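A closer look at the structure
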Amino acid sequence: MSDSSKTVLLKGGKIASEDSPDLVDGDVLIEGGKISRIGVGLEAPAGEGVTVIDCSGQILLPALFDVHIHAREPGQESKETIETCSEAAINGGVTGMVLMPNTMPAIDSGAMVQSVLNIAAEKSRIPILQSGCITKDRAGKELAGIAGMAAKGVPVLTDDGSPVSNHQVLRRAMDYAKDFDLMLAMHCEVMELSGNGAMNEGRISYQLGIPGIPAISEEICLDRDIRIAQYTGAHVHIQHVTTARGMNTIRRFKEEGVHVTCEVAPHHLMFNENDIGDYDTHYKMNPPLRMPEDNAQLLQGLIEGVFDVIATDHAPHTAFEKANDFGSAPFGITGLETALPSLFDRFISKGAFGWDLLVKRYSAEPRRLTKLDPVPIVEGGAAELIVFDPEAETTFTKDFMKSKSSNTPFLDKTLKGKVRVVLTGEKILLQR
Amino acid sequence: MASDSGITPRKDLLDIESLSVEEIEFLLKTAAPFKDLFKRSVKKVPALRGKTVLLLFYEPSTRTSASFEVAANRLSADVTNFQVSQSSVVKGESVLDTIDTLQAMRTDYVVVRHGASGIPNLIAKHTNASVLNAGDGFHAHPTQALLDAFTLREVYPDTNGKKVLIVGDILHSRVARSTSTIFRKLGADVAVLGPGTLVPEGRHKFMQGFRTWEAAMAWKPDVVYLLRVQLERQQDQFFPSLGEYHKVYGLTTERFSELQDRGLWLMHPGPVNRGVEIVDEAMKYERSLINQQVENGIATRMAALYWLRPGTASEDSSRKSIA
């Protein structure tokens, strides 16, 4: 597949960028893995091995990048593997991702990081970044082998799935990580407040008789994490923000100049506690779905630029596990394959925001956050792009999805839009 | 015997929330002749002859399971007590394994009690048998609500505008949820009183509540419905001590006198913690409906069993035609 002389011409599409909501007509010629020319009416160069793809009516956009993924390997391969996860990513137009370290065992040393990278090199068709734990075994007690993990190129430290509850441990971690130029990505939760909660605390949790996770559980921890970052000067990244109040706390600290970034998950923009209905575990995740007004305000915050990145928190679980009762079923839903069509269906197609926001927040900024170059569709740029068909539809059947798990609210549902082509360098990873 | 009077039977009885007022009225109307039956020497009717009722209790409950057993027997059904582990750690996944067994046994009705909310809903989705929720977690206890409504109707044939004060652990009580829902559906006003720790967060947005007995009494309730205080709540710091609970939220001697003076009705789902939520002498109160509630439990559970219709999956059709 490393035929660097391979030439691809994408004809008739419209090009999206992070700089403008306007799509620009342009044929894109890719030679030797780079974008050599962009223009209207480009002709394919003469010769062998030229692939011409008709993109009329379709949108070309820089390939997506997701900073919050659970690939479950090692240890929980019945849910997902690095191979199935990377194929799910490609299926959704994502060509780079950061894997969370809460595997079994957890990724808390350079050797563990290397073991995942070895699997990825063999099994994944897209580059994989592995994050490392802040504390050993994510237990929140002792610092993990940070220097060793830094040497293996982890872009971020996180105990994702759990907070670092001990203030002093977190303060030490932040002071220590600064010297390695590593940010800390925080799962914000006060465990004493969350207790055995399984959904947002409020009227619906009362009606269903399910113990609640109050919004303050997330908001208090988020506030503390940023304050410690402010004090230590570390870069803190707040994961999966769910409440308007938490978002506004981040906004305020950003205005104060604190080095804080944050992410929002598509499901927290689209769904709320009312969707749980008759104990549907496809709406159970942590942090939980909140209130309809949070949906609206998070969307507004995304438009206003409070959220640096969109990230799915792709969290596969087997159908058997999710068939459990609501309290016992595990937290988490998949997202890699549904993110783009769902964001298009729910927001872009309705004019809530433009393609520029999607490119910026789900392609360019996630790469910058992990110190990678963005991949704009420009002459001389790296060819890393997708072709998206806004007129087609996608039905998310088990067969269609490449993830090993199908624990998504969109299972067997149809959304507007379809990823037609995924291309990196000279390789066409997907074409349909 | 009540006729069907145009009310379509349901497969399952999982909660009160999803029942229409017409369905509730039908169930209460159906229960009345069943109760009259108890005065006869032969208390049985053949309505469910040849049907199997399975009792699946994951939480210990002598009273409710006995009530269902008597109800099923009086409808001439065959009753089986399925021995399950009454450990609180039995999760939905192992419940589903049990359900596969039940499907194979071709049970017509499953009466289930479980410590986790939503387990009956889960079972109902996986079996053709009719599922009757006999109490799940903090979620629902629909037959308790029906017997409470039946009992309230016996003292107030018109429940519209009647005021019911529910006192105690509202947060963890499936009885509070289901009974307040059925009372409201029957036109009654419901308000709650309990420690701030034991009423749901944000309750002021969706339920009427009081902070003190005095304020609650000034509301002029017709019925005081006491909930059982789970003794482990004190260990979890929901209130400082049982003594303090009794003083602040319990039916003390003084409050009981006021109840007597005003002639208010007293209800309690049982079993009672004497000296905690209720002072001992109140147990002999002439306007206590507690024993009536227990008696009405049988008639209303008969009505529920009588009304429900097991599912009609093809593999069941042969059985149904034989029956």
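Here goes a summary of the coordinates provided. (Residues numbered from 1 in each chain as written. Chains lettered and ligands numbered in written order. Predicted model: local features only at pLDDT ≥ 70, side-chain atom pairs only at ≥ 80, totals over all residues.)

**Concerning the overall build of chain B**
From N to C terminus, chain B includes twelve helices and nine strands. At 20 Å, chain B has a C-alpha radius of gyration in line with the 20 Å of a compact globule built from 323 residues. For the C-alpha atoms alone, the extent of chain B along its principal axes is close to 60 × 40 × 35 Å. Considering chain B as a whole, with its 323 residues, one finds that 46% of them fall into the buried category. Sequence-distant contacts in chain B: of pairs separated by 6 or more residues, those separated by 24 or more amount to 76%. (Helix = DSSP H or I, 4+ residues; strand = E, 2+ residues; numbered from the N terminus. Rg over C-alpha atoms; globule rule 2.2 N^0.38 Å. Buried ≥ 20, exposed ≤ 12 C-beta atoms within 10 Å, placed from the backbone. Contact = placed C-beta atoms within 7 Å.)

**Comments concerning the interface of chain A and chain B**
The interface of chain A with chain B comprises 18 residues on the first partner and 21 residues on the second. Here the side of chain A that touches chain B gets three residues from one element, more than from any other, and that element is helix α6 (residues 203–208) of chain A. Here the side of chain A that touches chain B is built from residues that sort into eight nonpolar, six polar and four charged. (Nonpolar A, V, L, I, M, F, W, Y, C, P; charged D, E, K, R; others polar.)

**Brief notes about unusual backbone geometry**
All names here are of chain A. Residue Pro105 is bonded to the preceding Met104 through a cis peptide linkage, with omega at 0 degrees. Relative to the helices and strands, Pro105 resides in the loop between β9 (94–99) and α2 (110–123). Cis geometry is found at the peptide bond from Asn286 to Pro287, where omega equals 0 degrees. Among the secondary structure elements, Pro287 is positioned in the loop between α9 (266–270) and α10 (292–304). Positive phi, normally seen in glycine, also occurs at Asp313, with a value near 55 degrees. Inspection of the secondary structure assignment puts Asp313 in the loop between β17 (309–310) and α11 (319–322). For Asp412, which is not a glycine, the phi torsion comes out positive at approximately 65 degrees. Within the secondary structure, Asp412 sits in the loop between β18 (384–395) and β19 (414–424). C-beta crowding within 10 Å serves as the criterion here: with 11 such atoms nearby, Asp412 is assigned to the exposed category.

**A closer look at the nonpolar core**
Generally speaking, soluble globular proteins have nonpolar side chains that are buried together. Within the largest apolar cluster, 113 residues are counted, with the highest numbers of intra-cluster contacts made by A:Leu60 and A:Leu184. What A:Leu184 contacts, discounting residues up to four positions off in sequence, is A:Ile134, A:Leu157, A:Thr158, A:Ala173, A:Met174, A:Ala177, A:Ala234, A:Val236 and A:His237. (Core = buried A, V, L, I, M, F, W, Y, C linked by C-beta atoms within 7 Å.)

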